[in-house]
Amino acid sequence: MSSFYALVIGAGSTIAQASIQKLEADQHCLGVFAVSRHLPKASSDTKTLWLESDYTEDSIHQICKRLAVYSGKITKVLICNGMLHDASMMPERKLEEIRASQLEAIFHVNTVIPMLWLSKLLPIVQGEKPTQVALFSARIGSISDNKTGGWYSYRASKAALNMLIQTSSVEYARRAKNVKLIAFHPGTTDTPLSKPFQRSVPKEKLFAANFVATQLLAIMDSATMDNKAAYLDWNNQPIEW
């Protein structure tokens, strides 16, 4: 494997932090750019440069301008942004719980922000080196796999993200033939996002963030560079769109 730089967006999340540690330990990784809303108070990382962003369109644009000097050198991109609930809202179980404010908030984090990155990163990832861009989706975003309903905002935001990834892959195939887009389902991972729902998850199906990070980076390394978007789970198995 040749040397590379990596970009981790949404770097404050549990899986993102585990991925950064894996990249720190990778002898082929020359450096990691970690984008987060808040910079760490202290860090023992030696390869990682932390960049603060409020994820507005202008902020994303400014960071991409800063990264432009690494165009063609950043060949691993992890877009880890995601939101399922917060102190004021939980996943909707029935139609009566639908609120415009929740739909808008969930869509903005899960769909709009990743798409802004995908659009503005194009000139940075263009090049000759095989490059993988993984965006955190979820199996629940599969329209064909929806058998239980519920979780309206989250489910729809991930389905919309999947469509944007598919659509972007058509243009990327023309303009950045070296890039593979991956919609990644990490499985139920032991993170704050899944914490309220872990009681119903079998122990063997609740994954450690370190395991998921290992799986994701291995999937990216082995990805088929065919100019087509892939929708894959943590075990590198395809999911129906």
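Conventions used here
Residues numbered from 1 in each chain as written. Predicted model: local features only at pLDDT ≥ 70, side-chain atom pairs only at ≥ 80, totals over all residues. Heavy atoms only, no water. Buried < 20%, exposed > 50% of the residue type's maximum accessible area, 1.4 Å probe, protein only. Phe/Tyr/Trp six-rings, centres within 6.5 Å; stacked < 30°, edge-to-face > 60°. Helix = DSSP H or I, 4+ residues; strand = E, 2+ residues; numbered from the N terminus. Contact = heavy atoms within 4.5 Å. 1 Å grid on protein atoms, 1.4 Å probe; cavity = no way out; pocket = protein on both sides within 12 Å on 5 of 7 lines; lining within 4 Å. Points joined across faces, edges and corners; volume = space filled by probe spheres on them. Nonpolar A, V, L, I, M, F, W, Y, C, P; charged D, E, K, R; others polar. Pairing = 2+ DSSP bridges. Axes fitted to C-alpha atoms, helices over the stretch in contact; angles between N-to-C directions.

1. Quick word on unusual backbone geometry
Leaving glycine out, the prevailing phi sign among residues is negative, and the prevailing peptide bond configuration is trans.
Consideration 1: A positive phi angle, close to 50 degrees, is found at Trp151, a residue other than glycine.
Consideration 2: Residue Trp151 is classed as partly exposed on the basis of its relative accessible area, which comes to 25%.
Consideration 3: Backbone geometry places Asn236, a non-glycine residue, at a positive phi of 65 degrees.
Consideration 4: What makes Asn236 partly exposed here is its relative accessible area of 34%.

2. With respect to the packing of aromatic side chains
Consideration 1: Using the criterion set out here, one finds 10 aromatic pairs in the structure.
Consideration 2: Note on Phe207 and Phe211: the rings are 5.3 Å apart at their centroids and 50 degrees apart in plane angle, and the pair reads as tilted.
Consideration 3: Note on Phe207: relative accessible area 9%, which makes it buried.
Consideration 4: Aromatic side chains Tyr231 and Trp241 sit 4.9 Å apart centroid to centroid with 40 degrees between the ring planes, which places their arrangement in the tilted category. Taken together, the residues Tyr231 in strand β7 (residues 230-233) and Trp241 in the segment after β7 connect sequence positions 10 residues apart.
Consideration 5: By relative accessible area, Tyr231 is classed as buried at 2%.

3. A look at the environment of Ile182
Consideration 1: Turning to its location among the elements, Ile182 is positioned in strand β6 (residues 179-185).
Consideration 2: When its relative accessible area of 1% is taken as the criterion, Ile182 is described as buried.
Consideration 3: A sequence separation of 48 residues divides Ile182 from Ala134, and the C-alpha atoms of the two residues are 4.6 Å apart.
Consideration 4: With residues near it in sequence (within four places) discarded, Ile182 still touches Val133, Ala134, Leu135, Met220, Ala223, Ala230 and Leu232.

4. Focus on empty space enclosed by the protein
To find leftover empty space, one rolls a probe the size of a water molecule over the atoms.
Consideration 1: Applying the stated criterion across every chain yields a total of 1 cavity of 30 Å³ or more.
Consideration 2: Residue lining of the largest cavity: Ser169, Tyr172, Ala173, Val179, Lys180, Leu181, Asn227, Lys228 and Ala229, and that is the complete set.
Consideration 3: Of all elements in the fold, only α5 (152-175) and β6 reach the threshold of two or more residues within the lining of the largest cavity.
Consideration 4: Grouping the constituent residues of the lining of the largest cavity by class yields 5 nonpolar, 2 polar and 2 charged.

5. Section: the sheet that holds strand β4 (residues 74-79)
Consideration 1: Read across the sheet, 7 strands follow the order β3-β2-β1-β4-β5-β6-β7 without closing on themselves; strand pairing throughout is parallel. With partners counted over all chains shown, the strands left at the sheet margins are β3 (48-52) and β7, one partner each. With direction set aside, neighbouring strand axes in the sheet form an average angle of 20 degrees.
Consideration 2: Alignment of β6 against β7, held across 4 bridges, turns out to be parallel. The residue of β7 that forms the bridge with Phe184 is Leu232.
Consideration 3: Here helix α3 (residues 100-120) sits on the sheet and contacts β1 (4-9), β2 (29-36), β4, β5 (131-136) and β6; the angle it forms with β5, its principal contact strand, is near 165 degrees.

6. Quick word on the layout of surface pockets
Consideration 1: The space that makes up the second largest pocket amounts to roughly 190 Å³.
Consideration 2: Around the second largest pocket sit 13 residues that line it, and Met1, Ser2, Lys76, Pro130 and Gln132 are the ones nearest its centre.
Consideration 3: Elements supplying a minimum of two residues to the lining of the second largest pocket: β4 and α6 (209-222).

7. A few points about the side chain of Ser19
Consideration 1: When you line up the elements, Ser19 lands in helix α1 (residues 14-25).
Consideration 2: Ignoring anything within four residues of it in the chain, the contact list for Ser19 reads Leu78, Ala213 and Leu217.

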